[in-house]
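# Fold and geometry: a report
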Amino acid sequence: MISLDEAVTARLESHGARFEVLVDPDAALAIKRDEFDGDLEDVIAAEDVFEDASRGDRPAEDDLEKVFDTTDPLEIIPEVITDGEIQITADQRREMQEQKRKQLIDTITRNAVNPQMDNAPHPPDRIDSALEEAGFTVDPMEPVEQQVDDALDDLRPVIPIRFEEVTIAVQLPAEYAGSAQAKVRQFGDLEREEWQPDGSWIGVLTFPAGMQNEFYDTVNEHTSGTAETEIVKDKDDLRTR
């Protein structure tokens, strides 16, 4: 379950009665879109249905039976969310908006590059200030993934930006290969890998270009700066090596 501070109220009025449940806002939106595949008990603040959640008042069981044909809260809660309205306070809206803004900046930072600077990643602060300059408003009620394209459209007149992938070959020395290659694999799609006779490991990975700095930092950290890396310009070359 989640805390009351994290929850929003979903409210349904039917047959002259009111029903309220307390739920995580992102989960509530996913349930309304029929996209929720988690455990309901993990995203609600109370395994209960209320007439007035703020006072803790509960509806009559007869009303529950009349509207939902059951008194089981775990069966009723999704119906209240799906058919009802999600209520959020001004403070909750601001907090959700700020959280979504941070997620949006992180998503763009990880995937976008500056095509005028040899596809170098944009720092998060630059993305943040550019969004401010562009006047982009984050919708707290929409998933971040559905706002990325609109954000990019607004950013392009402000800064040179595009989404790009990069393919990088890395060779890890034998003394670090065992542990370091597990960290390297996490960055993206492993195009190929080879263990060399001397125990070193060579891997070729493709991942969002905005993660290059993070990738190099991770490689250096886990090999004490002894690894070798090279950007693969043409992935077709991989098939001929």
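Presented here is an overview of the structure given in this document. (Residues numbered from 1 in each chain as written. Predicted model: local features only at pLDDT ≥ 70, side-chain atom pairs only at ≥ 80, totals over all residues. Heavy atoms only, no water.)

Another point: the sheet that holds strand β2 (residues 17–23). Strands sit in the order β2-β1-β3 across an open sheet of three strands; the sheet is antiparallel. Lying at the two open borders of the sheet, with one neighbouring strand each, are β2 and β3 (85–87). Neighbour to neighbour, the strand axes of the sheet diverge by 30° on average, direction disregarded. Pairing geometry for strand β1 (residues 8–14) and β3, over three bridges, is antiparallel. Residue pairing across strands places R11 opposite E85, the latter belonging to β3. On top of the sheet, helix α2 (residues 61–68) reaches β1 and β2; it is set at about 85° to β2, its chief contact. (Pairing = 2+ DSSP bridges. Helix = DSSP H or I, 4+ residues; strand = E, 2+ residues; numbered from the N terminus. Axes fitted to C-alpha atoms, helices over the stretch in contact; angles between N-to-C directions. Contact = heavy atoms within 4.5 Å.)

Buried within α2 are the following residues: L64, V67 and F68. All buried residues of α2 project into a common sector of 80° when viewed along the axis, lining one side. Contact partners of the buried residues in α2: β1, β2 and α3 (73–83). (Buried < 20%, exposed > 50% of the residue type's maximum accessible area, 1.4 Å probe, protein only. Arc of directions from axis to C-beta.)

Moving on to the packing of aromatic side chains. Applying the stated criterion across every chain yields a total of five aromatic pairs. On the basis of an interplanar angle of 85° and a centroid distance of 5.3 Å, the ring pair of F187 and F215 is categorised as edge-to-face. Of this pair, F187 sits in the loop between α7 (174–185) and β8 (189–195) while F215 sits in helix α8 (residues 212–223); the two residues are 28 residues apart in sequence, bridging distant segments of the chain. The two residues F187 and F215 agree in class, both being buried. Ring pairing ties together the aromatic residues F187, F207, F215 and Y216, which thus form one cluster. (Phe/Tyr/Trp six-rings, centres within 6.5 Å; stacked < 30°, edge-to-face > 60°.)

If you trace the four strands from one edge of the open sheet to the other, you get β8-β9-β7-β10, paired in antiparallel fashion. Of all strands in the sheet, those with a lone pairing partner are β8 and β10 (228–231), marking the two edges. The sheet shows a mean angle of 15° between the axes of neighbouring strands, taken without regard to direction. Two elements, strand β7 (residues 165–172) and strand β9 (residues 201–208), share eight bridges in a ladder whose sense is antiparallel. Residue pairing in the sheet places Q171 in a bridge with I202 of β9. Its contacts with the sheet put α8 on β7, β9 and β10, and the angle it makes with β7 is roughly 10°.

It is worth spelling out a negative patch on the surface at this point. A grouping of D39, E41, D42, E47, E61, D62, E65, D69, D72, E75, E79 and D83 is seen on the molecular surface, where their side chains present a negatively charged patch. Those elements giving two or more residues to the negative patch turn out to be α2 and α3. Inspection of the secondary structure puts E47 in the loop between α1 (25–32) and α2. (Patch = residues over 30% accessible without salt bridge, like charges linked within 9 Å, V, L, I, M, F, W, Y side chains within 5 Å. Areas by Shrake-Rupley, 256 points an atom, 1.4 Å probe, with all protein chains shown as cover. Salt bridge = Lys/Arg side-chain N within 4 Å of Asp/Glu carboxyl O. Lys, Arg positive; Asp, Glu negative; His and termini not counted. Charge placed at Lys NZ, Arg CZ, Asp CG, Glu CD.)

On to the pattern of salt bridges, then. This model, assessed by the stated rule, comprises 18 salt bridges. Here D57 ties to R55 by a salt bridge, and the two come within 2.8 Å at their closest N and O atoms. D57 gets classed as partly exposed once you look at its relative accessible area, which sits at 28%. Measuring nitrogen to oxygen at the nearest pair gives 3.6 Å for the salt bridge that ties D106 to R110. Of this pair, D106 and R110 are both found in helix α4 (residues 90–111), four residues apart, which corresponds to roughly one turn of the helix. Taken together, the salt bridges that share partners define one network made up of R11, R18, E20, D52, R55 and D57.

Bringing the pairing of β8 into the picture now. In this sheet, β9 lies alongside β8 in antiparallel orientation, the contact comprising six bridges. Bridge pairing links E194 to I202 in β9. The loop that links β8 with its antiparallel partner β9 comprises five residues; one of these, G199, has a positive phi angle of about 90°.

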